[in-house]
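Now for the letters of each chain:
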Amino acid sequence: MSDVLTISGISKTFFAGTVNERRALRDLSLRLEEGDFVTVIGSNGAGKSTLLNAIAGRMPVDSGDISIDDTRVNRMKEHRRAKYVGRVFQDPMAGTAPDLTIEQNLSLALRRGERRGLGRGVTRARRERFVEELATLELGLESRLKAKVGLLSGGQRQALSLLMAGFTHPRILLLDEHTAALDPQRAELVTNLTGRIVEQGGLTTLMVTHNMQQALALGNRLIMMHEGRIVFSADEKRKKTLTVDALLAEFGKIKGASFDDRAMLG
Ligand SMILES: Nc1ncnc2c1ncn2[C@@H]1O[C@H](COP(=O)(O)OP(=O)(O)OP(=O)(O)O)[C@@H](O)[C@H]1O
Ligand SMILES: [Mg+2]
(Lines give C-alpha, C1' and ligand atoms only; values in the text may rest on other atoms or scores of the structure.)
(Ligands and ions follow the chains in the order given, each with its own letter.)
Protein backbone atom coordinates (compact mmCIF):
# COMPACT_ATOMS: atom_id res chain seq x y z
CA MET A 1 0.00 0.00 0.00
CA SER A 2 1.27 3.43 -0.82
CA ASP A 3 1.07 6.29 1.64
CA VAL A 4 -1.31 9.10 0.80
CA LEU A 5 -0.17 11.33 3.64
CA THR A 6 3.31 11.34 5.11
CA ILE A 7 4.05 13.66 8.02
CA SER A 8 7.65 13.58 9.19
CA GLY A 9 8.66 15.30 12.39
CA ILE A 10 6.61 18.47 12.13
CA SER A 11 6.79 21.14 14.83
CA LYS A 12 4.87 24.37 15.24
CA THR A 13 5.27 27.01 17.93
CA PHE A 14 2.99 30.04 18.08
CA PHE A 15 4.38 33.31 19.47
CA ALA A 16 7.84 31.80 19.83
CA GLY A 17 10.07 33.52 22.33
CA THR A 18 7.28 35.50 23.99
CA VAL A 19 5.38 34.94 27.23
CA ASN A 20 2.52 33.67 25.08
CA GLU A 21 4.62 30.93 23.48
CA ARG A 22 2.54 27.87 22.60
CA ARG A 23 4.18 24.71 21.34
CA ALA A 24 1.28 23.28 19.39
CA LEU A 25 3.09 20.45 17.53
CA ARG A 26 6.24 18.71 18.71
CA ASP A 27 8.16 16.54 16.26
CA LEU A 28 4.99 14.76 15.18
CA SER A 29 5.06 12.00 12.58
CA LEU A 30 2.13 10.17 11.03
CA ARG A 31 1.48 8.16 7.87
CA LEU A 32 -1.85 7.39 6.29
CA GLU A 33 -2.23 4.70 3.68
CA GLU A 34 -4.81 4.85 0.93
CA GLY A 35 -8.26 4.47 2.50
CA ASP A 36 -7.07 4.85 6.11
CA PHE A 37 -9.65 6.56 8.34
CA VAL A 38 -7.94 7.81 11.49
CA THR A 39 -9.94 9.27 14.36
CA VAL A 40 -8.09 11.83 16.51
CA ILE A 41 -8.87 12.44 20.17
CA GLY A 42 -7.15 14.53 22.84
CA SER A 43 -7.68 17.26 25.38
CA ASN A 44 -8.30 20.93 24.56
CA GLY A 45 -5.15 22.52 23.22
CA ALA A 46 -3.53 19.17 22.37
CA GLY A 47 -2.76 20.37 18.84
CA LYS A 48 -5.43 18.51 16.91
CA SER A 49 -6.71 21.48 14.91
CA THR A 50 -3.16 22.71 14.38
CA LEU A 51 -2.30 19.32 12.86
CA LEU A 52 -5.23 19.58 10.45
CA ASN A 53 -4.39 23.21 9.66
CA ALA A 54 -0.80 22.23 8.92
CA ILE A 55 -1.97 19.55 6.48
CA ALA A 56 -4.40 21.96 4.80
CA GLY A 57 -1.70 24.63 4.54
CA ARG A 58 -3.50 27.20 6.66
CA MET A 59 -0.14 28.06 8.19
CA PRO A 60 3.44 26.89 7.60
CA VAL A 61 5.12 24.52 10.04
CA ASP A 62 8.46 25.50 11.63
CA SER A 63 10.19 22.25 10.72
CA GLY A 64 9.48 18.81 9.33
CA ASP A 65 7.86 17.64 6.13
CA ILE A 66 4.35 17.03 4.86
CA SER A 67 3.78 15.06 1.67
CA ILE A 68 0.57 14.17 -0.10
CA ASP A 69 1.16 11.16 -2.33
CA ASP A 70 4.70 11.85 -3.46
CA THR A 71 4.41 15.61 -3.51
CA ARG A 72 6.03 17.62 -0.74
CA VAL A 73 3.45 20.27 0.04
CA ASN A 74 5.23 22.29 2.76
CA ARG A 75 5.49 25.35 0.58
CA MET A 76 2.33 24.83 -1.38
CA LYS A 77 -0.24 27.55 -0.65
CA GLU A 78 -3.55 26.65 0.94
CA HIS A 79 -5.64 27.35 -2.17
CA ARG A 80 -3.46 25.02 -4.24
CA ARG A 81 -3.59 22.30 -1.62
CA ALA A 82 -7.37 22.56 -1.67
CA LYS A 83 -7.22 20.41 -4.78
CA TYR A 84 -6.00 17.53 -2.61
CA VAL A 85 -7.63 18.35 0.70
CA GLY A 86 -11.33 18.41 1.61
CA ARG A 87 -12.41 19.91 4.93
CA VAL A 88 -15.46 20.07 7.13
CA PHE A 89 -15.17 22.24 10.23
CA GLN A 90 -16.99 22.47 13.53
CA ASP A 91 -18.71 25.66 12.42
CA PRO A 92 -21.61 24.78 10.12
CA MET A 93 -21.28 28.21 8.51
CA ALA A 94 -17.77 27.55 7.24
CA GLY A 95 -18.22 24.91 4.56
CA THR A 96 -20.94 26.27 2.32
CA ALA A 97 -21.82 29.55 0.61
CA PRO A 98 -24.92 30.94 2.39
CA ASP A 99 -26.05 33.23 -0.42
CA LEU A 100 -26.05 30.48 -3.02
CA THR A 101 -28.77 27.88 -3.36
CA ILE A 102 -28.36 24.21 -2.45
CA GLU A 103 -27.97 23.24 -6.12
CA GLN A 104 -25.47 26.04 -6.78
CA ASN A 105 -23.35 24.91 -3.83
CA LEU A 106 -23.46 21.31 -5.03
CA SER A 107 -22.56 22.38 -8.59
CA LEU A 108 -19.52 24.26 -7.34
CA ALA A 109 -18.33 21.20 -5.42
CA LEU A 110 -18.87 18.97 -8.43
CA ARG A 111 -16.93 21.38 -10.66
CA ARG A 112 -14.04 21.36 -8.25
CA GLY A 113 -13.97 17.55 -8.29
CA GLU A 114 -14.10 17.05 -12.03
CA ARG A 115 -11.24 18.41 -14.02
CA ARG A 116 -12.88 19.64 -17.19
CA GLY A 117 -15.84 19.51 -19.49
CA LEU A 118 -18.29 20.85 -16.96
CA GLY A 119 -20.17 24.03 -17.66
CA ARG A 120 -21.34 26.44 -15.03
CA GLY A 121 -25.04 25.73 -15.26
CA VAL A 122 -27.11 23.26 -13.33
CA THR A 123 -28.05 20.76 -16.03
CA ARG A 124 -30.96 18.38 -15.76
CA ALA A 125 -28.64 15.39 -15.38
CA ARG A 126 -26.84 17.09 -12.56
CA ARG A 127 -30.05 18.13 -10.89
CA GLU A 128 -31.23 14.52 -10.96
CA ARG A 129 -28.03 13.43 -9.31
CA PHE A 130 -28.38 16.11 -6.63
CA VAL A 131 -31.94 15.02 -5.87
CA GLU A 132 -30.77 11.42 -5.57
CA GLU A 133 -27.83 12.24 -3.31
CA LEU A 134 -29.79 14.67 -1.14
CA ALA A 135 -32.54 12.11 -0.64
CA THR A 136 -30.02 9.79 1.02
CA LEU A 137 -29.56 12.42 3.75
CA GLU A 138 -33.20 12.01 4.76
CA LEU A 139 -33.47 15.70 5.63
CA GLY A 140 -35.97 16.64 2.95
CA LEU A 141 -33.39 18.79 1.14
CA GLU A 142 -34.10 17.12 -2.21
CA SER A 143 -37.24 19.22 -2.55
CA ARG A 144 -35.43 22.46 -1.68
CA LEU A 145 -32.80 22.69 -4.41
CA LYS A 146 -33.46 26.39 -4.95
CA ALA A 147 -33.38 27.33 -1.26
CA LYS A 148 -30.51 29.51 -0.10
CA VAL A 149 -28.13 27.49 2.04
CA GLY A 150 -28.09 30.30 4.61
CA LEU A 151 -31.62 29.31 5.53
CA LEU A 152 -30.70 25.75 6.53
CA SER A 153 -30.11 24.52 10.07
CA GLY A 154 -26.61 23.71 11.29
CA GLY A 155 -27.15 19.96 10.92
CA GLN A 156 -28.50 20.36 7.41
CA ARG A 157 -25.51 22.49 6.44
CA GLN A 158 -23.03 20.01 7.91
CA ALA A 159 -24.67 17.17 5.98
CA LEU A 160 -24.46 19.27 2.82
CA SER A 161 -20.81 20.14 3.50
CA LEU A 162 -20.00 16.45 3.81
CA LEU A 163 -21.81 15.59 0.61
CA MET A 164 -19.90 18.38 -1.14
CA ALA A 165 -16.59 17.17 0.28
CA GLY A 166 -17.37 13.72 -1.13
CA PHE A 167 -18.13 15.20 -4.58
CA THR A 168 -14.70 16.75 -4.82
CA HIS A 169 -12.90 13.39 -4.35
CA PRO A 170 -10.13 14.85 -2.15
CA ARG A 171 -6.97 12.79 -1.60
CA ILE A 172 -7.42 13.56 2.09
CA LEU A 173 -10.58 14.47 3.97
CA LEU A 174 -10.10 16.50 7.18
CA LEU A 175 -12.96 16.63 9.66
CA ASP A 176 -12.54 18.84 12.74
CA GLU A 177 -15.27 18.23 15.33
CA HIS A 178 -17.76 18.52 12.52
CA THR A 179 -20.61 17.12 14.62
CA ALA A 180 -19.83 19.05 17.82
CA ALA A 181 -22.27 21.89 17.22
CA LEU A 182 -25.21 19.59 16.46
CA ASP A 183 -27.96 18.20 18.68
CA PRO A 184 -27.53 14.46 19.50
CA GLN A 185 -29.94 13.30 16.81
CA ARG A 186 -28.37 15.39 14.05
CA ALA A 187 -24.91 14.48 15.30
CA GLU A 188 -25.77 10.81 14.91
CA LEU A 189 -27.13 11.38 11.45
CA VAL A 190 -24.02 13.26 10.35
CA THR A 191 -21.82 10.59 11.99
CA ASN A 192 -23.54 7.86 9.98
CA LEU A 193 -23.31 9.96 6.84
CA THR A 194 -19.59 10.43 7.47
CA GLY A 195 -19.04 6.68 7.59
CA ARG A 196 -21.00 6.22 4.38
CA ILE A 197 -19.32 8.99 2.39
CA VAL A 198 -15.85 7.93 3.44
CA GLU A 199 -16.58 4.33 2.57
CA GLN A 200 -18.25 5.05 -0.75
CA GLY A 201 -15.43 7.31 -1.85
CA GLY A 202 -12.68 5.17 -0.29
CA LEU A 203 -11.50 8.48 1.19
CA THR A 204 -8.34 8.74 3.26
CA THR A 205 -9.58 10.61 6.31
CA LEU A 206 -8.52 12.30 9.55
CA MET A 207 -11.38 13.06 11.93
CA VAL A 208 -11.03 15.02 15.18
CA THR A 209 -13.67 14.37 17.82
CA HIS A 210 -14.20 14.76 21.56
CA ASN A 211 -16.78 12.01 21.48
CA MET A 212 -15.02 8.75 22.28
CA GLN A 213 -17.89 6.57 21.16
CA GLN A 214 -17.75 8.29 17.80
CA ALA A 215 -13.96 7.90 17.72
CA LEU A 216 -14.40 4.17 18.27
CA ALA A 217 -17.38 3.70 15.97
CA LEU A 218 -15.79 5.30 12.92
CA GLY A 219 -12.51 4.63 11.18
CA ASN A 220 -9.91 1.86 11.14
CA ARG A 221 -7.24 3.57 13.26
CA LEU A 222 -7.19 5.93 16.25
CA ILE A 223 -4.64 8.32 17.69
CA MET A 224 -4.63 10.31 20.91
CA MET A 225 -2.78 13.63 21.08
CA HIS A 226 -1.45 15.53 24.05
CA GLU A 227 0.75 18.61 24.14
CA GLY A 228 1.54 18.45 20.45
CA ARG A 229 2.46 14.77 20.36
CA ILE A 230 0.78 11.49 19.54
CA VAL A 231 0.73 9.75 22.92
CA PHE A 232 -1.33 6.70 21.98
CA SER A 233 -1.96 5.02 18.68
CA ALA A 234 -4.17 2.05 17.80
CA ASP A 235 -3.84 0.20 14.52
CA GLU A 236 -6.76 -1.54 12.86
CA LYS A 237 -6.48 -4.72 14.93
CA ARG A 238 -6.07 -2.91 18.23
CA LYS A 239 -8.85 -0.44 17.52
CA LYS A 240 -11.37 -3.25 17.12
CA THR A 241 -10.75 -4.30 20.72
CA LEU A 242 -10.76 -0.79 22.23
CA THR A 243 -13.50 0.40 24.57
CA VAL A 244 -14.38 3.81 26.01
CA ASP A 245 -13.06 2.55 29.38
CA ALA A 246 -9.76 1.59 27.80
CA LEU A 247 -9.46 5.03 26.24
CA LEU A 248 -10.27 6.70 29.55
CA ALA A 249 -7.52 4.62 31.12
CA GLU A 250 -5.11 5.85 28.44
CA PHE A 251 -6.18 9.43 29.11
CA GLY A 252 -5.61 8.78 32.79
CA LYS A 253 -1.97 7.94 32.13
CA ILE A 254 -1.32 11.43 30.82
CA LYS A 255 -0.02 13.55 33.61
CA GLY A 256 -1.82 16.82 34.15
CA ALA A 257 -4.44 16.21 31.52
CA SER A 258 -7.98 17.25 32.30
CA PHE A 259 -11.04 16.12 30.46
CA ASP A 260 -14.70 16.79 30.36
CA ASP A 261 -15.96 13.23 30.78
CA ARG A 262 -19.50 14.19 29.99
CA ALA A 263 -18.57 15.56 26.58
CA MET A 264 -16.38 12.60 25.76
CA LEU A 265 -18.91 10.00 26.72
CA GLY A 266 -21.74 11.85 24.95
N1 LIG B 1 -3.54 30.66 15.34
C2 LIG B 1 -3.02 30.46 16.55
N3 LIG B 1 -2.33 31.43 17.17
C4 LIG B 1 -1.79 31.26 18.38
N5 LIG B 1 -1.89 30.12 19.10
C6 LIG B 1 -2.57 29.11 18.55
C7 LIG B 1 -3.18 29.22 17.26
N8 LIG B 1 -3.79 28.05 16.97
C9 LIG B 1 -3.58 27.25 18.03
N10 LIG B 1 -2.84 27.86 18.98
C11 LIG B 1 -2.38 27.28 20.25
O12 LIG B 1 -1.82 26.01 19.95
C13 LIG B 1 -2.20 25.04 20.89
C14 LIG B 1 -2.94 23.91 20.21
O15 LIG B 1 -4.19 24.40 19.76
P16 LIG B 1 -5.20 23.54 18.87
O17 LIG B 1 -6.26 24.47 18.44
O18 LIG B 1 -4.45 22.83 17.82
O19 LIG B 1 -5.75 22.49 19.93
P20 LIG B 1 -6.92 21.42 19.79
O21 LIG B 1 -6.34 20.10 20.12
O22 LIG B 1 -7.57 21.56 18.47
O23 LIG B 1 -7.91 21.86 20.96
P24 LIG B 1 -9.52 21.85 21.04
O25 LIG B 1 -9.91 20.48 21.46
O26 LIG B 1 -9.80 22.85 22.08
O27 LIG B 1 -10.06 22.24 19.70
C28 LIG B 1 -3.03 25.77 21.93
O29 LIG B 1 -2.19 26.11 23.01
C30 LIG B 1 -3.52 26.99 21.21
O31 LIG B 1 -3.70 28.05 22.09
MG1 LIG C 1 -9.49 22.07 17.81
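Data block above holds the structure.
**Student:** Is there a simple way to explain the packing of aromatic side chains in this structure?
**Tutor:** A ring pair, where both rings are aromatic, is described by two values, the distance of the centres and the angle of the planes. Summed over all chains, the structure comprises one aromatic pair. Judged by centre distance (6.1 Å) and plane angle (25°), the ring pair of Phe130 and Phe167 falls under stacked. With a gap of 37 residues between them, Phe130 in helix α4 (residues 124-135) and Phe167 in helix α5 (residues 154-167) connect regions that are remote in the sequence. The exposure class assigned to Phe130 is buried, which follows from its relative accessible area of 0%. Using a relative accessible area of 3% as the deciding quantity, one classes Phe167 as buried. Of note, Arg129 hangs over the ring of Phe167, and the distance from its end group to the ring centre comes to 4.5 Å.

**Student:** What exactly am I supposed to notice about the sheet that holds strand β5 (residues 71-72) here?
**Tutor:** Picture the strands of a sheet paired through backbone hydrogen bonds; they go either parallel or antiparallel. The antiparallel open sheet is built from four strands, whose spatial order is β2-β1-β4-β5. Each having just a single partner strand, β2 (22-33) and β5 make up the two edges of the open sheet. Across the sheet, helix α1 (residues 48-56) lies against β1 (3-14), β2 and β4 (63-68), angled at about 120° from β1, the strand it touches most.

**Student:** Is there a simple way to explain the pattern of salt bridges in this structure?
**Tutor:** Any two side chains of opposite charge can pair if their charged atoms end up close together. Tallied over the full model, the rule gives eleven salt bridges. Between Asp62 and Lys12 there is a salt bridge, and its shortest N-O distance comes to 4.0 Å. Here Asp62 is found in the loop between α1 and β4, whereas its partner Lys12 is found in strand β1, with 50 residues between them in sequence. Using a relative accessible area of 9% as the deciding quantity, one classes Lys12 as buried. A salt bridge links Asp65 to Arg72; the shortest N-O distance between them is 2.5 Å. Among the charged side chains, a salt-bridge network with shared partners connects Glu34, Asp69 and Arg171.

**Student:** Sorry, what's going on with the site of ligand 1 here?
**Tutor:** Among the 14 residues in the neighbourhood of ligand 1, the closest are listed as Asn44, Gly45, Lys48, Thr50 and His210. Within the contact set of ligand 1, an oxygen atom lies 3.4 Å away from a side-chain nitrogen or oxygen of Glu177. Within the contact set of ligand 1, an oxygen atom lies 2.8 Å away from a side-chain nitrogen or oxygen of His210. When isolated, ligand 1 has an accessible area of 630 Å², and the protein chains bury 66% of it. Looking at the shell around ligand 1, the elements that each hand over two or more residues are β2 and α1. The element contributing the most residues to the shell around ligand 1 is α1, with three residues.

**Student:** Is there a simple way to explain unusual backbone geometry in this structure?
**Tutor:** With the exception of glycine, most residues fall at negative phi, and the peptide bonds are largely trans. Notably, Phe15 is not glycine yet its phi reads approximately 50°, a positive angle. If you trace the backbone, Phe15 turns up in the loop between β1 and β2. Even without being glycine, His169 reaches a positive phi, approximately 45°. One can find His169 in the loop between α5 and β7 (172-176). In this structure His169 comes out as exposed when scored by relative accessible area, which is 51%.

**Student:** I would appreciate a short explanation of the pairing of strand β6 (residues 85-88) in the present structure.
**Tutor:** The two faces of a sheet get side chains in turn, since along a regular strand they alternate between them. Side chains of β6 alternate between two faces, with Val85 and Arg87 and Gly86 and Val88 buried alike. Looking at chain direction, β6 and β7 are connected through four bridges and run parallel. Paired with Val85 across the bridge in β7 is Ile172.

**Student:** I tried to follow α5 on my own but got confused; where do I start?
**Tutor:** Residue pairs spaced three or four apart in an α-helix point in one direction, given the helix's 3.6 residues per turn. Taking 1.5 Å per residue, 14 residues should reach 20 Å; α5 reaches 20 Å between its end C-alpha atoms and fits that length. Most of α5 sits out of view: 13 of its 14 residues are buried. Among the residues trailing α5, His169 stands out with phi positive, at a value near 45°.

Rules of the game
- Residues numbered from 1 in each chain as written.
- Chains lettered and ligands numbered in written order.
- Predicted model: local features only at pLDDT ≥ 70, side-chain atom pairs only at ≥ 80, totals over all residues.
- Heavy atoms only, no water.
- Phe/Tyr/Trp six-rings, centres within 6.5 Å; stacked < 30°, edge-to-face > 60°.
- Helix = DSSP H or I, 4+ residues; strand = E, 2+ residues; numbered from the N terminus.
- Buried < 20%, exposed > 50% of the residue type's maximum accessible area, 1.4 Å probe, protein only.
- Lys NZ or Arg CZ within 6 Å of the ring centre and 35° of its normal.
- Pairing = 2+ DSSP bridges.
- Contact = heavy atoms within 4.5 Å.
- Axes fitted to C-alpha atoms, helices over the stretch in contact; angles between N-to-C directions.
- Salt bridge = Lys/Arg side-chain N within 4 Å of Asp/Glu carboxyl O.
- Near = heavy atom within 4 Å.
- Polar contact = N/O pair within 3.5 Å; in protein donor to acceptor, adjacent residues only side chain to side chain.
- Areas by Shrake-Rupley, 256 points an atom, 1.4 Å probe, with all protein chains shown as cover.
- Expected span 1.5 Å × (residues − 1).

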